[in-house]
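Letter by letter, the chains look like this.
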Amino acid sequence: PPTRGKASRHSSRVGGKTAHWPRDSIEHREATLDLKTLGNSDMQITPVGLGAWAMGGDGVFGWGPQDDAESIAAIHRSVERGINWIDTAPIYGMGHSEKIVARALKEIPANDRPLVFTKCSIVWDEEKNVGHSLKADSLRREVEDSLRRLDVDVLDLCQIHRPSWPHGAPAPDLEEGWEALAQL
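Every residue gets a number counted from 1 within its own chain, in the order that chain's sequence is written. It should be noted that, the model being predicted, local features are given only for residues of pLDDT at least 70 and side-chain atom pairs only at 80 or more, the latter also being counted only at that level, while totals for whole chains, interfaces and linings use all residues. Hydrogens and water molecules were not included; the side-chain quantities draw on all heavy atoms of the structure.

(A) Expanded view of unusual backbone geometry. One non-glycine residue, S121, lies in the positive phi region at around 105°. Runs of E in the DSSP output that reach at least two residues are strands. Runs of H or I that reach at least four are helices, and both are numbered from the N terminus. You can see S121 is positioned in the loop between β7 (115–120) and β8 (122–124). A positive phi angle is found at D151, which is not glycine, with a value near 55°. You can see D151 is positioned in the loop between α3 (136–150) and β10 (157–160).

(B) Quick peek at helix α2 (residues 96–106). Here's how the labels work: a residue is buried when its accessible area is under 20% of the maximum for its type, exposed when over 50%, partly exposed in between, all with a 1.4 Å probe on protein chains only. Burial in α2 covers these residues: S97, E98, I100, V101, A102, A104 and L105. The contact criterion used throughout is that any non-hydrogen atoms of two residues lie within 4.5 Å. Packing partners of the buried residues in α2 comprise α1 (68–80), β6 (85–87), β7 and α3.

(C) Expanded view of α3. Taking 1.5 Å of rise per residue, 15 residues should cover 21 Å, and α3 covers 21 Å from first to last C-alpha, within 8% of that figure. The set of residues buried in α3 consists of A136, S138, L139, E142, V143, S146, L147, R149 and L150. Turning to α3, the residues buried within the fold contact α2, β7, β8, β10 and α4 (174–183). Helix span, as expected, comes to 1.5 Å for every residue beyond the first.

(D) Structural detail: the confidence of the model for the protein. Each residue carries a pLDDT score, the predictor's own confidence in it, on a scale running from 0 to 100. For the protein, per-residue confidence averages 83 on the pLDDT scale, and 82% of positions sit at 70 or higher. Within the model, the stretch residues 1–29 combines pLDDT values under 50 with 76 contacts to residues more than four positions away or in other chains.

(E) Structural context of the pattern of salt bridges. Take a side-chain nitrogen of Lys or Arg and a carboxyl oxygen of Asp or Glu: if they are within 4 Å of each other, that pair is a salt bridge. For the structure shown, the criterion picks out 7 salt bridges. The salt bridge involving R149 is made with E98; its shortest N-O contact spans 2.6 Å. Within this pair, whereas R149 is found in helix α3, its partner E98 is found in helix α2, the two being separated by 51 residues in sequence. Taking the relative accessible area as the measure of exposure, R149 reaches 11% and is therefore buried. Owing to a relative accessible area of 0%, E98 belongs among the buried residues under this scheme.

(F) Local environment of the side chain of S78. Of note, S78 is situated in helix α1. Look at S78 and you get buried, because its relative accessible area is 15%. Ignoring anything within four residues of it in the chain, the contact list for S78 reads L50 and I83.

(G) Expanded view of the packing of aromatic side chains. Side-chain rings of Phe, Tyr and Trp, where Trp is taken by its six-membered ring, are said to pair if the distance between their centres is within 6.5 Å; with planes under 30 degrees apart they count as stacked, over 60 as edge-to-face, and otherwise as tilted. In total, this model carries 2 aromatic pairs according to the counting rule given. Summarising the aromatic geometry, the rings of W53 and Y92 are spaced 5.5 Å apart at their centres and angled 15° between planes, so their arrangement reads as stacked. Here the residue W53 occupies a position in the loop between β5 (50–51) and α1, and Y92 occupies one in the loop between β6 and α2, the gap between them amounting to 39 residues. Residue class for W53 comes out partly exposed when judged on its relative accessible area of 37%. Judged by its relative accessible area of 8%, Y92 falls in the buried class.

(H) The sheet that holds β6, seen in detail. Here 4 strands make up an open sheet; going across it, the order is β5-β6-β7-β10 and the pairing parallel. Bordering the open sheet on either side are β5 and β10, each of which pairs with just one other strand. Strands are labelled as partners when DSSP assigns at least two bridges between them.

(I) Molecular detail of the side chain of H132. Within the secondary structure layout, H132 lies in strand β9 (residues 130–132). N or O atoms closer than or at 3.5 Å make up a polar contact, with two conditions inside protein: a donor-capable atom paired with an acceptor-capable one, and, for residues adjacent in sequence, both atoms drawn from side chains. Engagement of the side chain of H132 in a polar contact is seen with the backbone oxygen of H161, the distance being 3.5 Å. Side-chain polar atoms of H132 contact the backbone oxygen of R162, separated by 3.0 Å.

(J) Seen up close, the pairing of β7. Among the 6 residues that make up β7, 6 are buried, leaving the element largely enclosed by the rest of the structure. Where burial is concerned, the two faces of β7 agree: the one with L115, F117 and K119 and the one with V116, T118 and C120 are both buried. Across 3 bridges, the pairing between β6 and β7 is parallel. In the sheet register, I86 faces β7, and the bridge partner there is V116. Each parallel crossover has a hand, and the one from β6 via α2 to β7 is right-handed. Here 4 bridges tie β7 to β10, and the two strands are oriented parallel to one another. Pairing of K119 across the sheet is with Q159, part of β10. For a crossover, the right-handed case is the one in which the path from the first strand over the helix to the second runs clockwise, viewed with the strands pointing away from the viewer.

In structure tokens:
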């Protein structure tokens, strides 16, 4: 049953394990979501994840003003409710979304941390001009930047963001991009 104003324990399955995360003063109930295998990987994920696009805030590809503390609380609440993956991208707030995810993850015990999915291929320059690149050197740089912003050693999944940029036809360097990601 829900609790209010006293310490409680929440169980969730993360990475195939049952983990407990004590929380104070948060009304919640036990949440169990069935896990599904992601494609042909060995990753077990909940059917619903948390998308962090809006957490990027203002700017190019942003949703408008947002509150970092509310975004972090939303991540925590999602994990408490059983969600075991977060989807973000460097372009969401030009890195801000990934930084918010990192701040939230630091406050979650290691055994309860969700999987982190991010993207690559949409890039920007110092003037915030947005472009697309699937060149191997660009993807390596993007992955390193995401690892730094997310403050993690490993990305659980890195997806090509809009492989048909900008006009619906496959990007000319798509094969190079696939090969580069396979090597990473």
